[in-house]
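# Structure assessment
Each chain, written out:
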Amino acid sequence: MPTTLKREVTLVGMGLHSGRPARLVLRPATEGGIRFRRVDIRDRNNLIPARYDLVTDTTLCTLLSNAAGVSVSTVEHLMAALAGTGVTHALVDIDGPEVPIMDGSSLRFTRAILRAGLVDLPGETRAIRVLKPVRVGENGVFAELTPAPSLSIDFEIDFADEAIRHQQKTLSMVNGAFVRELGDCRTFCRRADIEAMQARGLARGGSLDNAVVVDGARILNPGGLRRADEFVRHKMLDALGDLALAGAPILGAYRAARAGHGVTNRLLREFFATPGAWEEVSLDAEAA
């Protein structure tokens with residue numbers, strides 16, 4: 001059945017790129033999927049559906065924009081938390097242009113959702129079944145969707161940094177796997193990258209509090225890594241958040257190598273534009 005929150009929950013955190021605090025309220029909804037509402041904007045349409053075809057930038061994060069030019073960025077970690085806990089309908093009120101980065105993972109979002117509790121809604125749970133393979137990418141960077149009974153994520157990364165190097169992991173995203181395996185895994189970057197971006201007025205909120213920062217072979221965070229393969233797990237978290245912009249759960253296998261937000265969004269656009277690649281089904285009817 002479709003699912004929403006039992007009650008609203010409020011979170012406050014810093015924007016990674018703006019360095020400004022933002023207040024975010026997750027509200028129950030009975031329809032409409034996941035939607036963002038910029039409550040600081042009142043002179044035009046401030047509602048932004050969380051859809052892949054409204055992604056307008058993937059340079060450093062995933063940014064959504066509506067036809068009125070109202071946007072919200074860094075949605076991927078919250079979208080992963082909503083998808084990973086099974087929330088299909090919610091209204092996300094936010095008083096600025098950027099979802100708070102929190103600790104660089106989905107942990108605070110996930111805990112807030114679970115603390116609020118979930119409630120089933122009348123109607124059917126719609127899902128998107130992959131019927132044939134669709135792939136995008138080139139030069140060793142790719143993402144693909146292939147038929148499978150449920151969503152799985154297979155991700156491979158390869159970085160020159162000695163602290164990261166090559167990592168690969170596969171997970172079946174069922175039975176609470178996101179909460180157990182991915183939700184606490186933080187975004188990561190090089191120390192030199194943060195310094196360079198801050199020098200250009202970007203990543204003003206970037207710090208050891210909201211990312212794993214590497215410098216060659218060293219992890220600069222005092223507590224080190226939460227998991228030995230936290231880097232690839234975070235890329236899987238990002239992928240789940242970006243795949244959630246399909247608008248319904250995906251029944252299929254996602255596989256990627258060295259991919260980011262842009263590649264996954266390209267994959268969704270190609271997937272939905274490919275005749276015969278997908279069909280919409282009722283999960284409730286299949287379970288009956």
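Located above this text is the structure these notes cover.
Conventions we followed
- Residues numbered from 1 in each chain as written.
- Predicted model: local features only at pLDDT ≥ 70, side-chain atom pairs only at ≥ 80, totals over all residues.
- Heavy atoms only, no water.
- Helix = DSSP H or I, 4+ residues; strand = E, 2+ residues; numbered from the N terminus.
- Rg over C-alpha atoms; globule rule 2.2 N^0.38 Å.
- Buried < 20%, exposed > 50% of the residue type's maximum accessible area, 1.4 Å probe, protein only.
- Contact = heavy atoms within 4.5 Å.
- Areas by Shrake-Rupley, 256 points an atom, 1.4 Å probe, with all protein chains shown as cover.
- Salt bridge = Lys/Arg side-chain N within 4 Å of Asp/Glu carboxyl O.
- Pairing = 2+ DSSP bridges.
- Axes fitted to C-alpha atoms, helices over the stretch in contact; angles between N-to-C directions.
- Parallel < 35°, antiparallel > 145°, perpendicular 65-115°, else oblique.
- Nonpolar A, V, L, I, M, F, W, Y, C, P; charged D, E, K, R; others polar.
- Patch = residues over 30% accessible without salt bridge, like charges linked within 9 Å, V, L, I, M, F, W, Y side chains within 5 Å.
- Lys, Arg positive; Asp, Glu negative; His and termini not counted.
- Charge placed at Lys NZ, Arg CZ, Asp CG, Glu CD.
- Left-handed = near helix turned anticlockwise from the far one by under 90°.

## Details of the overall build of the protein
Looking only at helices and strands, the protein features seven helices and 21 strands. Against the compact-globule benchmark of 19 Å for 288 residues, the protein has a radius of gyration of 18 Å, which places it among compact chains. Projected onto its principal axes, the C-alpha positions of the protein cover 50 × 45 × 35 Å. In the protein, buried positions account for 53% of the 288 residues. A fraction of 72% describes how many contacts in the protein between residues 6 or more apart in sequence connect residues 24 or more apart. Carbon and sulfur atoms make up 49% of the accessible area of the protein, which totals about 12,700 Å².

## Observations concerning the environment of Ile164
Note that Ile164 resides in the loop between strand 14 (152-158) and strand 15 (166-172). Judged by relative accessible area, which is 5%, Ile164 ranks as buried. Setting aside its immediate chain neighbours within four residues, Ile164 contacts Ile157, Phe159, Phe188, Val214 and Phe231.

## A few points about the pattern of salt bridges
Here the structure, examined in full by the defined rule, presents 21 salt bridges. Of the charged contacts, one joins Asp40 and Arg38 as a salt bridge, the two residues approaching to 2.8 Å between their closest N and O atoms. Residue classification places Asp40 among the partly exposed positions, given a relative accessible area of 35%. You can call Arg38 buried: its relative accessible area is 7%.

## Details of the pairing of strand 20 (residues 253-257)
Of all five residues in strand 20, four are buried; the element is thus mostly enclosed. Of the strand pairs in this sheet, strand 13 (residues 141-146) and strand 20 are connected by five bridges, and their pairing is antiparallel. From the neighbouring strand, Glu144 faces strand 20, where its bridge partner is Arg255.

## Observations concerning the packing of helix 1 (residues 76-85) against helix 5 (residues 230-243)
As a packed pair, helix 1 and helix 5 sit with axes 7 Å apart at the nearest point and diverge in direction by 80°. As judged from the angle between their axes, helix 1 and helix 5 are roughly perpendicular. Residue-level inspection shows Glu76, His77, Met79, Ala80, Ala83 and Gly84 of helix 1 in contact with helix 5, the latter providing His234, Leu237, Asp238, Leu240, Gly241 and Asp242. Taken together, the residues of the contact of helix 1 with helix 5 sort by class into five nonpolar, four polar and three charged.

## With respect to a positive patch on the surface
Together, Arg7, Arg108, Arg111 and Arg115 make up a positively charged patch on the protein surface. Structurally, the position occupied by Arg7 is in the loop between strand 1 (3-5) and strand 2 (9-14).

## Observations regarding the packing of helix 1 against helix 2 (residues 107-116)
Packing of helix 1 against helix 2 brings their axes to within 9 Å, and their N-to-C directions diverge by 40°. What the angle tells us is that helix 1 and helix 2 run oblique. You can see that helix 1 and helix 2 cross each other, and the crossing is right-handed. Contact residues: His77, Leu78, Ala81, Leu82 and Thr85 in helix 1; Phe109, Thr110, Ile113 and Leu114 in helix 2. Residue composition of the contact of helix 1 with helix 2, by class: six nonpolar, three polar and no charged.

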